[in-house]
Protein chains: 2
Amino acid sequence: MAEGRRGGRSARRAERMSMRVTSLPTLKRRTPLYEVLNDEGLELIHDGSCRILEEIGIDFRDAEALALWKDAGADVQGWRVHIPRELLMSLLAKVPGQFTLTARNAERSVTVGGNNVIFLPTYGSPFVRMEDDVRRYGTMADLERFHRLAYMSPAIHNTGLVICEPTDIPVSKRHLHIVRSLITNSDKSFMGPVTAPERAQDAVEMAKILFGENFLPDHPVMVSLANCNSPLVWDETMLGALKVYARAGQPVICAPFTLAGANTPASAVATVAELNAEAISALAFTQLVRPGCPMVYGHFLAAVSMKSGAPMAGTSELALMNLMIGQLARKYGVPFRSSGMLTGSKVTDAQAGYESAFNMFPIMLAGAHLIMHTAGWTEAGLCASLAKFALDAEQMEMLYKFAQGPQFGDFDEAMASIRDVGPGGHFLGTAHTQANFQTAFFMPELMDNNSFEQWSLEGAKTAEARGVEAAVRKLAAFEPPPIDPGVVEALDEFIAKREAVLPDTLT
Amino acid sequence: MAEGRRGGRSARRAERMSMRVTSLPTLKRRTPLYEVLNDEGLELIHDGSCRILEEIGIDFRDAEALALWKDAGADVQGWRVHIPRELLMSLLAKVPGQFTLTARNAERSVTVGGNNVIFLPTYGSPFVRMEDDVRRYGTMADLERFHRLAYMSPAIHNTGLVICEPTDIPVSKRHLHIVRSLITNSDKSFMGPVTAPERAQDAVEMAKILFGENFLPDHPVMVSLANCNSPLVWDETMLGALKVYARAGQPVICAPFTLAGANTPASAVATVAELNAEAISALAFTQLVRPGCPMVYGHFLAAVSMKSGAPMAGTSELALMNLMIGQLARKYGVPFRSSGMLTGSKVTDAQAGYESAFNMFPIMLAGAHLIMHTAGWTEAGLCASLAKFALDAEQMEMLYKFAQGPQFGDFDEAMASIRDVGPGGHFLGTAHTQANFQTAFFMPELMDNNSFEQWSLEGAKTAEARGVEAAVRKLAAFEPPPIDPGVVEALDEFIAKREAVLPDTLT
C-alpha cells in the first residue's frame, strides 16, 4: 500500500502520462471469426427461435408494448404475444449494424458493431473486496474508485455503470450519483440505469446537460442493459426503461438473463434457441418504439450446476453457446454483447484465472462487439474485486494485441536478422531486436515471470496481491479528466432538484 | 489431508471405479480449426523457412547425420547443411499423417494425427511443490506419485516421462527407474528418455520386454522429445536419441526450443519461420534414417520479456504463433505437438490460471494433436505442482467436452420442454432435464461455485488448496493397474544388469 502513496505529484504525473499515451481506441479486430455451427445447425436454431415466438409466444408485460405489437400485426392474448416470423425479421432488419457511442472526450468515443470490439467493466455487484481483503457491501466511495480505474485502464473502453452497488445511497436516488460519478471521474462513454423508467429518464436528462439538449436523439452517448426474465418474459420495468432509451435514441442491450439448465432446457443448443427468441423479440419491439434506433443483441449466460444449482462460467458449453450466439447475431446483422471475465470464485485465485480466461477467449472469437464484465468480476457477479479489476484489465490489453493478428510489416528485416545471427547465435542485441522489442511481444506488468529467487525476494506475492497493489498505485495517481465546471454545477442542480422530490426508498 | 485417508478400501474402490468409468479415449475433435493466416501469409512463412534452410543452412552436429544428408544430395559444409526445398519436401512427404501409440492396456492406446487430440502431463521440472507447499528438488517418490495421478486422470492420455526429475537417482541410471515407474504405475502409453542415445536404447529394450521383441519396429509404443538448440543447431545428443528411436520405429517430437525474441527475431511471424525451418529439417532427417517412420512436428515456445529476459506464456503472440504453426503442420500433413497449460507463476494462483487458459485455448483451435504440459506446470516448467496437476487435469476434461462441439441429438425433446414449461416457468424438474442433466453441462468438481457463505463454512479454500486435497485423495485411492509379474521381474533384471555397468554420473 505504502508504495502506492510514495512519489506524490511526480508519480501521479508519470502514471497519468503513461495512461494517456496508452489509452486504446476501439479495438478493430483483424483476427478471423470462429464458427462452431454449420449452416444447417444455424438454421435449426434460428427456426427453433422463430417457432417459439410464433407458437409458444412471449410475454410483454406492459400495456403500451402490447398495443404496439397488436398494431404491428402480432397476435396478442393477455400478456402473451405471438410474433409471425416475417414481422419479426422485418423489424430486426431495421436495427443498425453499427453505431458510434460518443464520449464527452471525443478521443474516447467508440464504435459498436462490424469488426469493432469494446471492453466494459463488471456490473451490478452488491459486494466489494478492496485492499483490506474484506468482503463487504459496496459504497459510493468504492464505486467512484472503480470508475476511476475504468478511466485509467487503457483497454477498458467504457466506464460502465454500477461496477459495485453504492448501497449507502437510497435506491431511488442512487442512479443520480452513479451517473454523476461516471461523468466526473471519467471521460469515456458510459452505461445508463434501468431500474425504473423514471431513472432512465433522469439519466437522459443528465446526458442532455452534458452533451446539449439536441445532441441525444441522433447520437448514442449511453448504452444500457435490459434483462429478460427467462423463460420468455419481458417485464414492465425493463420495457419501461427500454422505451425511454429508445425514444431518446439511446441503444439498449436486450439481454436474456440465462441460467442454462434452470430457466432454459438442459441442452446447450436449445438454450441458445430460447435465448435467441428472447433477444430478437425485444430487438424487434424496440423498432416499433423508434424505427432505426441502434440496439444491441445481448445476453447474460451462465450454466447451472445440476449438482448444486450454482451458476458456472468458463465451461465447455459456455464457450460453445457464446460462439453459436455470435453466429446468430451476425445472421441478423446486429451488434452483439457478451460477458467476458466471469468466475464463480470468491477470491482472485487460480479458479478465477481459469474460468475468466476460458470464458473470455471464445467470446473474442465469437465476434462479440461489446464485452461486459471484462474487469473485476468475482463470485458470479456478487462481488467486485479491486485485485481482479487490475489483473483483468491488463489481460484485456493482451487480448487487444492478440486481435491485431499476425504482423508482417517487418518480416523482411526480421528474416535478414536470422541470416546475420546464424546458427548458434542469439538475437538480443541485433538492430532489428533493438528497433522492435517494445512492440513484438506483449509484456504484462502484473504477471510475474521472474525467477523463484527474485519473486521470493520481492515478498512471494500472489497475482491477487500484485493486483491490489497495482490498483492502489493507479488510484493514488488519479486526477479527474478536465470538465467544464458549469456542466458539473448544472448536474448538481439537477440532482438536488430530483432528490428533493424522490423518496428514500430501498428498492 | 485427513479426508484422503478416510475410507480405506471402499474409498479406494469408489475412486477406482469412477476413474475406470470415466477414463477418456483419444479426443476426436469435432470443433473446426481456426486459421489466422491467409494463404499468402502461410506461403510467406513457408517460403521464409525454405530460404533459411537453402541459403543460411542448419547445423546437424553429428557425423552420421551429415553423411546421410550428403548422400541424399544436400550441400554439407562442416556441420552446416543446406537443404534444397525439393529434397526437403519430398522427405517431409514420407512422414505419416497419423499413427497409433499402443499402450500396454489396449483400451488406453491413442491415435496421434488427423482430428485426434491427446493430452500429456508436464515434463522436465527439477523442482516440485507437493502437499506441504514447499518448493524443493523432486525425487523418484514424487515422480511415482505424479505417474499415478496421470494414470488416474481421465483426460490425461499418456503418462509422460519426467513430470518431475527424480534428482535422488544418478543421472546415468535415472531413465531406467523412470521407465519402470511409467510401466508399473500406469497402463497408458508413455514417453521415452532422450538425454543420451544409450539411454534411448535402454528404453527401447525395456519396451521390448513389455511388448515383445518383434512388436516395436512397426508399432509405436513410446513418443519421445528431441529439442533443437535454436537458432538452427541440432546437436549430437538429440540426433543420437532421434536415430535410436527412428530405427526402432518409435516417433519423436522434433521440437525447436524457442524463446521468441532471444533465440529468434523480435517478430512473431519470423519466429515461426525459424522454428518451422528447424522442425521440418529434423522431420526430413528422420526420413533419411528410416523412411516412413512416424514422427511429430514439435516445438516448445515461450516469448521472452524484453524487460527482464523472463519467458512468458499465455500472451497475444503465443496464441498467434501456435495458430500459425498449426497451419504449417497441416500444410505438411504431419502430426503437430504444442504445449498447453503454461505459466511463469511460482504458485497456482490467478496468474497460473490466466496464463494457462489463455495459452491452452488457442492451441485447441490450432489443431494440435499432442499437447504436452497440460497438467502440473508452474514456474516456466521449473516446478511440478501437485495442486496444479489436479486442477489442470480437470480443465482438460472441460476442453475435451468443448471439442465435441454442439450436440443436437436431443434438440426436438429440449424444444418441446420449452413449450411444456412456457413463459415464466422453470426447467429443473422437467423430464428432459432429468434425463439429460448429467451430460448437458460440464460440472467441474474443483471449481467452487457455491455461495460465499457455503465456501466460507467449508474453510474458504483457494483453488490451490482444493487441488492439493483432490490430488492427495486420488493418490490415497491408487491401486496399480494389473501387470504380468514376469514382465516386472524381467524389467528389474534388465535394470540390475544395466546398473551394474553404468557409472553414477551426475550428468
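Residues numbered from 1 in each chain as written. Chains lettered and ligands numbered in written order. Predicted model: local features only at pLDDT ≥ 70, side-chain atom pairs only at ≥ 80, totals over all residues. Heavy atoms only, no water.

## A word on the overall build of chain A
Point 1. If you tally the helices and strands in chain A, you get 18 helices and 20 strands.
Point 2. Scaling as 2.2 N^0.38, a compact globule of 507 residues should have a C-alpha radius of gyration of about 23 Å, and chain A matches this with 23 Å.
Point 3. Summarising its shape, the C-alpha atoms of chain A cover approximately 75 × 60 × 45 Å along the three principal directions.
Point 4. Across chain A, contacts joining residues at least 24 apart in sequence account for 76% of those joining residues at least 6 apart. (Helix = DSSP H or I, 4+ residues; strand = E, 2+ residues; numbered from the N terminus. Rg over C-alpha atoms; globule rule 2.2 N^0.38 Å. Contact = heavy atoms within 4.5 Å.)

## Let's talk about the pattern of salt bridges
Point 1. This model, assessed by the stated rule, comprises 56 salt bridges over all chains.
Point 2. Taking the shortest distance from any N to any O, the salt bridge between Glu213 of chain A and Lys208 of chain A comes out at 3.7 Å.
Point 3. Notably, a salt bridge pairs Glu64 of chain B with Arg247 of chain B, separated by 2.6 Å at the nearest N-O pair. Here Arg247 of chain B lies in helix α9 (residues 236–247) and Glu64 of chain B lies in helix α4 (residues 63–72), a separation of 183 residues in the sequence.
Point 4. Residue classification places Glu64 of chain B among the partly exposed residues on the basis of a relative accessible area of 34%.
Point 5. What emerges from the salt-bridge pattern is a single network uniting Asp47, Arg51, Glu54 and Arg85 of chain A. (Salt bridge = Lys/Arg side-chain N within 4 Å of Asp/Glu carboxyl O. Buried < 20%, exposed > 50% of the residue type's maximum accessible area, 1.4 Å probe, protein only.)

## Concerning the pairing of strand β15 (residues 300–304) of chain A
Within a regular strand, the side chains alternate between the two sheet faces.
Residue and element names in this part refer to chain A.
Point 1. Most of β15 is tucked away: 5 of the 5 residues are buried.
Point 2. By the alternation rule, side chains of β15 split into Phe300, Ala302 and Val304 and Leu301 and Ala303, which are all buried.
Point 3. Summarising the sheet, strand β13 (residues 252–260) and β15 pair through 4 bridges and their orientation is parallel. Bridge pairing links Thr258 to Leu301 in β15.
Point 4. Bridge count for β15 against strand β16 (residues 311–312) is 2 bridges, and the pairing is antiparallel. Its bridge partner lying in β16, Ala303 is registered against Met312.
Point 5. Connecting β15 to the next strand, β16, in antiparallel fashion are 6 residues, including Gly309 with a positive phi near 80°. (Pairing = 2+ DSSP bridges.)

## Comments concerning the interface of chain A and chain B
Point 1. With 122 residues of chain A at the contact, the number on the chain B side is 122 residues.
Point 2. In this assembly, chain A packs against chain B so that about 9,700 Å² is buried in total across both faces, 72% of it on carbon and sulfur atoms.
Point 3. Considering only the surface of chain A that becomes buried against chain B, Tyr354, Phe358 and Phe441 of chain A emerge as the three largest contributors, covering 9% of it.
Point 4. Between the two partners, chain A and chain B, sit 6 salt bridges.
Point 5. For the salt bridge of Arg419 of chain A with Glu55 of chain B, the shortest nitrogen-to-oxygen distance reads 2.6 Å.
Point 6. The tally of links from chain A across to chain B stands at 26 residue pairs in polar contact (both at pLDDT 80 or more).
Point 7. With 12 residues, helix α12 (residues 350–365) of chain A is the largest single contributor of residues to the side of chain A that touches chain B.
Point 8. Its residues placed into classes, the side of chain A that touches chain B shows 65 nonpolar, 35 polar and 22 charged. (Buried area = accessible area lost by both parts, 1.4 Å probe. Polar contact = N/O pair within 3.5 Å; in protein donor to acceptor, adjacent residues only side chain to side chain. Nonpolar A, V, L, I, M, F, W, Y, C, P; charged D, E, K, R; others polar.)

## Topic: the sheet that holds strand β2 (residues 58–60) of chain A
Residues and elements named next belong to chain A.
Point 1. Spatial ordering of the open sheet is given by β3-β4-β2-β12, a layout of 4 strands whose pairing is mixed. Both outer strands of the open sheet, β3 (75–77) and β12 (233–234), are each paired with one neighbouring strand and no more.
Point 2. As paired elements, β3 and strand β4 (residues 80–82) share 3 bridges and run antiparallel to each other. Counterpart to Val76 in the pairing with β4 is Val81.
Point 3. Packing against the sheet, helix α10 (residues 268–289) makes contact with β2 and β12, and its axis sits at approximately 40° to β2. (Axes fitted to C-alpha atoms, helices over the stretch in contact; angles between N-to-C directions.)

## A few points about helix α17 (residues 463–476) of chain B
Structural remark: α-helix, 3.6 residues per turn; residues separated by three or four positions point the same way.
Residues and elements named next belong to chain B.
Point 1. Along its 14 residues, α17 runs 20 Å from first to last C-alpha, staying within 8% of the 20 Å computed at 1.5 Å per residue.
Point 2. Taken across its 14 residues, α17 has 11 buried, putting it largely inside the fold.
Point 3. Among the residues of α17, those classed as buried are Ala463, Glu464, Arg466, Gly467, Val468, Glu469, Ala470, Ala471, Val472, Lys474 and Leu475. (Expected span 1.5 Å × (residues − 1).)

## Comments concerning the relation of the copies chain A and chain B
Point 1. Of the two same-sequence chains, chain A is brought onto chain B (RMSD 0.0 Å, axial shift 0.0 Å) by a rotation of 180°. In symmetry terms, the pair is related by a two-fold rotation axis.
Point 2. Looking at chain A, 100% of its interface residues are interface residues in chain B too, so the copies touch through the same face. (Least-squares fit on C-alpha atoms with pLDDT ≥ 70 in both.)

## Quick word on the state of the cysteines
All names here are of chain B.
Point 1. A complete count under the given rule lists 0 disulfides over all chains for this structure.
Point 2. For the unlinked cysteine Cys50, the closest cysteine sulfur is that of Cys228, found at 16 Å.
Point 3. Cys383 forms no disulfide, and the closest cysteine sulfur to it belongs to Cys164, at a distance of 9.3 Å.
Point 4. Take Cys383: its relative accessible area is 1%, and that puts it in the buried class. (Disulfide = S-S within 2.5 Å.)

## Comments concerning the confidence of the model for chain A
Regions with low pLDDT should not have their predicted coordinates read in detail.
Residues and elements named next belong to chain A.
Point 1. Overall, the predicted model of chain A reaches an average pLDDT of 94, with 95% of residues at or above 70.
Point 2. A low-confidence stretch, residues 1–7 stays under pLDDT 50, and its non-local contacts, those more than four residues away or across chains, total 8 contacts.
Point 3. Among the scores for the predicted complex, ipTM is 0.95 and pTM is 0.96. (pLDDT = per-residue confidence, 0-100.)

## So, the sheet that holds strand β8 (residues 127–129) of chain B
Residues and elements named next belong to chain B.
Point 1. Strand order in the open sheet made by the 4 strands is β9-β8-β20-β19, with mixed pairing throughout. The open sheet has two free edges, formed respectively by β9 (135–137) and β19 (377–378), since each of these has just one partner strand.
Point 2. Judged from the 3 bridges that link them, β8 and strand β20 (residues 383–385) form a sheet pairing that is parallel. Bridge assignment links Phe127 to a residue of β20, and that residue is Cys383.
Point 3. Packed onto the sheet, helix α13 (residues 386–402) meets β8, β19 and β20 and runs at close to 60° relative to β20.

## Structural notes on the packing of aromatic side chains
Point 1. Under the counting rule described, the total for this entry stands at 30 aromatic pairs over all chains.
Point 2. Judged by centre distance (5.9 Å) and plane angle (75°), the rings of Tyr34 of chain A and Tyr34 of chain B are edge-to-face. Of this pair, Tyr34 of chain A sits in the loop between β1 (27–28) and α3 (39–56) while Tyr34 of chain B sits in the loop between β1 (27–28) and α3 (39–56), on two different chains.
Point 3. With a relative accessible area of 1%, Tyr34 of chain A lands in the buried category.
Point 4. Taken together, Phe358, Phe361 and Phe402 of chain A together with Phe358, Phe361 and Phe402 of chain B form an aromatic cluster joined through their ring pairs.
Point 5. The ring of Phe127 of chain A carries the charged tip of Arg135 of chain A above its face, separated from the ring centre by 3.7 Å.
Point 6. A cation over a ring is seen here: Arg135 of chain B above Phe452 of chain A, with NZ or CZ 3.9 Å from the ring centre. (Phe/Tyr/Trp six-rings, centres within 6.5 Å; stacked < 30°, edge-to-face > 60°. Lys NZ or Arg CZ within 6 Å of the ring centre and 35° of its normal.)

## Observations concerning the packing of helix α7 (residues 171–185) of chain B against helix α18 (residues 485–501) of chain B
Residue and element names in this part refer to chain B.
Point 1. Orientation of α7 relative to α18, taken along the N-to-C sense of each, is 175°, at an axis distance of 10 Å. The orientation of α7 with respect to α18, classified from their angle, is roughly antiparallel. Here α7 contributes Lys173, Leu176, His177, Arg180, Ile183 and Thr184 to the contact with α18, which in turn contributes Val488, Leu491, Asp492, Phe494, Ile495, Arg498 and Glu499.
Point 2. Across the contact of α7 with α18, the residue classes break down as 6 nonpolar, 2 polar and 5 charged. (Parallel < 35°, antiparallel > 145°, perpendicular 65-115°, else oblique.)

## A few points about the side chain of Asn436 of chain B
Point 1. With respect to the helices and strands, Asn436 of chain B occurs in helix α15 (residues 431–440).
Point 2. The buried category is assigned to Asn436 of chain B, whose relative accessible area is 16%.
Point 3. Leave out the neighbours within four places in its chain, and Asn436 of chain B touches Ala266 of chain A together with Asp410 of chain B.

## Quick notes on the packing of α3 of chain A against helix α14 (residues 411–421) of chain B
Point 1. Packing of α3 of chain A against α14 of chain B brings their axes to within 11 Å, and their N-to-C directions diverge by 25°. Judged by the angle between their axes, α3 of chain A and α14 of chain B are roughly parallel. Considering the relative orientation of α3 of chain A and α14 of chain B, their crossing is right-handed. Note on element contacts: α14 of chain B touches α3 of chain A through Phe411, Met415, Ile418 and Arg419 of chain B, opposite Leu44, Ile45, Gly48, Ile52, Glu55 and Ile56 of chain A.
Point 2. Along the lines of polarity and charge, the residues of the contact of α3 of chain A with α14 of chain B split into 7 nonpolar, 1 polar and 2 charged. (Left-handed = near helix turned anticlockwise from the far one by under 90°.)

## Structural notes on the environment of Val272 of chain B
Residues and elements named next belong to chain B.
Point 1. Looking at the secondary structure, you find Val272 in helix α10 (residues 268–289).
Point 2. As a C-alpha pair, Val272 and Met321 span 49 residues in sequence and 6.4 Å in three-dimensional space.
Point 3. Here Val272 is in contact with Ile45, Met321, Met324, Ile325 and Leu328, once residues within four sequence places are set aside.

## Focus on unusual backbone geometry
All names here are of chain A.
Point 1. Looking along the chain, the bond that leaves Ser230 and enters Pro231 is cis, with omega of 0°.
Point 2. Tracing the backbone through its elements, the reader meets Pro231 in the loop between β11 (222–228) and β12.
Point 3. The backbone of Glu379 shows a phi angle near 55°, a positive value even though the residue is not glycine.
Point 4. Residue position: Glu379 is located in the loop between β19 (377–378) and β20 (383–385).

## Quick notes on the environment of Ala72 of chain B
All names here are of chain B.
Point 1. In this structure, Ala72 sits in helix α4.
Point 2. We classify Ala72 as partly exposed; its relative accessible area is 30%.
Point 3. Between the alpha carbons of Ala72 and Pro121 there is a distance of 37 Å; along the sequence they are 49 residues apart.
Point 4. Contacts of Ala72, omitting those with residues within four sequence positions, involve Leu87 and Leu288.

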